[in-house]
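# A structural walkthrough
Read off the chains here:
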Amino acid sequence: MGFCINCGQQHQDGIRFCRFCGNQQPGEQLLARLRSEAEQIHYQRFSAGQPHNQNNTMARVQETRQQADLAAQQRHQNQQFRQPRW
Ligand SMILES: [Zn+2]
């Protein structure tokens, strides 16, 4: 089974023209080329993964900042607490 590249209707493999809209369908060679191109694009997206890494870095930076803020607050409280009252 295949799908028309023009109207998207499902039709049998190997036909040259869509029976719904009459659009000429790609041949086997073109289909194979399109499939390999799609696989390459998918592989490139999968292996690059830059947005995912960026998100991880941003999340880590925010987490570190929050921990630093927390540590600073605790230090501040400790200093207040330990301040000698003359
Ligand atoms: Zn069609």
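Here we come to the overall build of the protein chain. Within the protein chain one finds 2 helices and 2 strands. In the protein chain, the order of α-helices and β-strands from amino to carboxyl end is β-β-α-α. In the protein chain, which comprises 86 residues, the share counted as buried stands at 0%. Look at the contacts in the protein chain between residues 6 or more apart in sequence, and 0% of them connect residues 24 or more apart.

In this section: the confidence of the model for the protein chain. This prediction gives the protein chain a mean pLDDT of 82; 87% of its residues lie at or above 70. Per-element mean pLDDT across the protein chain ranges from 79 in helix α2 (residues 50-82) up to 88 in strand β2 (residues 10-11).

With that out of the way, let us pick up the environment of glycine 22. Looking at the element boundaries, glycine 22 is found in the loop between β2 and α1 (28-48). Residue class for glycine 22 comes out exposed when judged on the 10 C-beta atoms lying within 10 Å of it. For the pair glycine 22 and asparagine 6, spaced 16 residues apart in sequence, the C-alpha separation works out to 9.1 Å.

It is worth spelling out the environment of asparagine 23 at this point. Relative to the elements of secondary structure, asparagine 23 occurs in the loop between β2 and α1. Linking asparagine 23 and asparagine 6, residues 17 residues apart in sequence, is a C-alpha distance of 6.5 Å. Residue contacts for asparagine 23: discarding those within four places in its chain leaves Cys4, Ile5, Asn6, Cys7, Phe17 and Cys18.

Basis of the calculations
- Residues numbered from 1 in each chain as written.
- Predicted model: local features only at pLDDT ≥ 70, side-chain atom pairs only at ≥ 80, totals over all residues.
- Helix = DSSP H or I, 4+ residues; strand = E, 2+ residues; numbered from the N terminus.
- Buried ≥ 20, exposed ≤ 12 C-beta atoms within 10 Å, placed from the backbone.
- Contact = placed C-beta atoms within 7 Å.
- pLDDT = per-residue confidence, 0-100.

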